[in-house]
Amino acid sequence: MTIEVEWRDYDVIVVGSGGAGSAAADAAAAEGARVLVVSKDPIACSDTKISEGNATVRGTVSDADTEQVLSDNLRVSGADLPLPALTDAYAKDSRPAYDWYRAHGLRPKINQDRKGPFARPLAKGGHTVARSVGHKNAGVAFSHAAWDAVVEGAHIDYLEDAWFLDLAVEGAENGAPGRVAGGLVYHAASGTLVAVRAPAVVMASGGLNTLYFPKTDTMRGNTGDGYAAAARAGADLVDMEQVQFLPFCLTAPASYEGLLVGEPSTASFLGVLRDRHGKVILDGVYLRTRAECSAAIMRAVADGRGTDDGGAYLDLTANARLPRSGKGFMRYLETSMPSAYRTARQALSKPAVRCEESWEVRPAAHYTMGGIRVDATGASVGGADDGTAAAGLSGLFAAGQAMGGVFGANRLGSTALTENVVFGLRAGRGAADHARTHSRATGDDAFRSLIAAAVAQFGQSGDQAPAHLKLELQRAAWDCIGPARTADSLNRMDAVIDDLADRAGRAAVPDYALWNQAFIEWVELRSLLDVARAVTAAARERDASVGGHVRLDRPQVSILAQPYSTVVRGQAANDGVLRFHANRARRPRTPAMRLLAMRLKDAWRKVQAKVLCLLPPALLDPILDRRYRAILGPGDAAPAVSPGGPAAAVADAAE
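All figures in this text were calculated on a predicted structure; none of them were measured in a lab.

Undergrad: Would you mind showing me how to read the nonpolar core here?
TA: Considering soluble globular proteins, one finds that nonpolar side chains tend to be buried as a cluster. In terms of nonpolar packing, the biggest core is built from 162 residues, with Met203, Tyr212, Leu273 and Trp359 touching the most fellow members. Beyond its immediate sequence surroundings of up to four residues, tyrosine 212 is in contact with Val243, Phe245, Ala365, Ala477, Trp478, Ile481, Gly482, Arg485 and Val535. Residues Ile3, Leu165, Ala181 and Leu184 belong to the second largest nonpolar core, which totals 24 residues.

Undergrad: How do you make sense of helix α17 (residues 617–632) when you look at a structure like this?
TA: Side chains of residues three or four places apart in an α-helix project in the same direction, reflecting 3.6 residues per turn. For α17, spanning 16 residues, the distance from its first C-alpha to its last is 22 Å, which sits close to the expected 22 Å at 1.5 Å a residue. Within α17, burial applies to Leu620, Asp621, Pro622, Leu624, Asp625, Tyr628 and Leu632. Of the residues one or two after α17, glycine 633 is the one with positive phi, at around 65 degrees.

Undergrad: Before we go on, may I ask you to explain the packing of aromatic side chains in this structure?
TA: Describing an aromatic ring pair means giving the distance of the ring centres and the angle of the ring planes. Within this structure, the stated rule accounts for 18 aromatic pairs. Relative to tryptophan 478, the ring of phenylalanine 245 lies with its centre 6.1 Å away and its plane at 70 degrees, an arrangement referred to as edge-to-face. Highlighted residues: phenylalanine 245 in strand β14 (residues 243–250) and tryptophan 478 in helix α13 (residues 466–481), separated in sequence by 233 residues. Given the relative accessible area of 5%, phenylalanine 245 is considered buried. An aromatic cluster of at least three residues, connected via ring pairs, comprises Phe269, Tyr286, Phe329, Tyr332 and Tyr628. A cation over an aromatic ring shows up here: arginine 411 above the ring of tyrosine 367, its NZ or CZ 4.5 Å from the ring centre. The side chain of arginine 627 reaches across the aromatic face of phenylalanine 269, ending 5.1 Å from its centre.

Undergrad: Help me out: how do you make sense of unusual backbone geometry in this one?
TA: Keep in mind that most residues, glycine aside, have a negative phi and that most peptide bonds are trans. Residues phenylalanine 213 and proline 214 are joined by a peptide bond in cis, for which omega reads 5 degrees. Inspection of the secondary structure assignment puts proline 214 in the loop between β12 (200–203) and α5 (225–232). Despite not being glycine, alanine 44 shows a phi value in the positive range, around 80 degrees. The residue alanine 44 is located in the loop between β3 (35–38) and β4 (55–56) in this model. You can call alanine 44 buried: its relative accessible area is 3%. Even without glycine at this site, tryptophan 515 takes up a positive phi of about 40 degrees. Inspection of the secondary structure puts tryptophan 515 in the loop between α14 (487–504) and α15 (517–541).

Undergrad: Would you explain the pattern of salt bridges in this entry?
TA: When their charged atoms lie close together, side chains carrying opposite charge are able to pair. This model, assessed by the stated rule, comprises 51 salt bridges. Glutamate 6 is the partner of arginine 8 in a salt bridge, and the nearest nitrogen-oxygen pair spans 2.8 Å. On the accessibility criterion, glutamate 6 (28% relative accessible area) is partly exposed. Across the salt bridge formed by glutamate 31 and arginine 436, the nearest N and O atoms sit 3.7 Å from each other. Taken together, the residues span a long stretch of sequence, with glutamate 31 in the loop between α1 (19–30) and β3 and arginine 436 in helix α11 (residues 416–437) at a distance of 405 residues. Classification of glutamate 31 as partly exposed rests on a relative accessible area of 35%. Overlapping salt bridges bring together Lys40, Asp225, Lys470, Glu521 and Glu524 as one network.

Rules and cut-offs
- Residues numbered from 1 in each chain as written.
- Predicted model: local features only at pLDDT ≥ 70, side-chain atom pairs only at ≥ 80, totals over all residues.
- Heavy atoms only, no water.
- Core = buried A, V, L, I, M, F, W, Y, C linked by side-chain atoms within 4.5 Å.
- Buried < 20%, exposed > 50% of the residue type's maximum accessible area, 1.4 Å probe, protein only.
- Contact = heavy atoms within 4.5 Å.
- Helix = DSSP H or I, 4+ residues; strand = E, 2+ residues; numbered from the N terminus.
- Expected span 1.5 Å × (residues − 1).
- Phe/Tyr/Trp six-rings, centres within 6.5 Å; stacked < 30°, edge-to-face > 60°.
- Lys NZ or Arg CZ within 6 Å of the ring centre and 35° of its normal.
- Salt bridge = Lys/Arg side-chain N within 4 Å of Asp/Glu carboxyl O.

Structure (structure tokens):
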């Protein structure tokens, strides 16, 4: 068939319209650039919209909350994988980033004494200072600001229902990345291919968690399109093995599968994890990291001791059973993570909600901490250690979940909404500046092969359905590169990817252009296959457990080991399949004595927890009653915590 190709010219293309994409578009337009925003979903419908609505704002409570303190918090929590230049940039810009949301309609409650928003009263775990600002209407308020920036912005055009297919690149030679000439887009709503000439592209296209669907609590559009397109064009990716899995998500009913019902802290003082036979597989749950909880569940599943739905039982009954402290625990459960508890109340039976029965839970993918390798301006970098823009893909920028290097092995709670705008604004300005100094491509040669490949896919005959292949890939990804991995599972993943890539070449796609769902499924399948290869290659290079990367067949990374980030670069093989080569980038290490002190403190807390559980009920009940009274305070409500932050998995702060 012949599909119409529409040609357009812009200075900057922004892929994605959530917090990061909208900030990038706004900043680039403010610099005088003509901007096109490309979005699969309606503008601003992203993970920003479904977030808990907590943002990190440095200096909200104390002038002692310096840039150095916040930057250190990010690096230590990320196991020294974060790039100092990026954490410094984050710390420097966190307040202007929040002001950007306010300029586009966010309305926090204002502390008149400090002329700024109120922070939550307690510092979230990993944060040494209270700086997390909450909002009653959660992520919706932030997504409205994103929508306002794009729709109301001058010099910004946008395409919804549009899939960014590939970067057009010219000048690549001898294995070195070239420079961006634009990008090719499938606009499903009009049934056209849109070839956009532009010297700069900002990837703000979210994460890859749909690779693990339905075991994820994020938006379904997270199919790794930005990582895949960048890698196919020759850009480096960093720390792709670092996916944040939250351990306690629902296995059923189907409409609630993957949704969060708790964090390790939810287990409180007496909660345990049990296998299908009722045997305890993990105690002291509230002091465990997410990775420990997820690994315990997946070990039980691998040993045949998991539940029928591939999970384990979170047993909270001992907390609720004690006559005095049981009431305090239930109030703590209801108020510490109210949105998670509401989900549990809607999905589970009444006895389970009263904690008279255990909850069946399973980990779910929550956030992608790796991504496109960039510098503090958001520009693609390559080369050793921190890398340089001169060795990266010229004209490519990234922000939000699409970028890597700021969170490393762990992301602190409330940091993502701020990160979106800090690096969205930086990437947008960087892209506009790049466009000013680099003219558009003189010819359209960089587009010809991309257009030919896309056109050829329409009307492709075959015996494979892309949607079914996606499901096979998602099942394999969960088993092989999910929350627990081994050398054998990584090898099996490679075999599955090879098989699915071969079958994807025989995918059947109808010959009509207007909203061709099979073509869309094929496009997303291609992205998911590429990012699955990237995750597998990085996971193989990371030969010990750290943060979100758990190797069941390898030890925890030594506190004396030299920290490193994994870097993967793709190269098309003779069969056209993208293969990844992995190497390491050195990172500075936190002093060993400081890390040793953290480990000893964590071990001592776990010993105390075990002793507590051995006390007879007559002694234990009043002790816990006093603890809950202290937690709840005069307001009879626990300090709310957000999913994904060490406040809800306190041991993560010690990693």
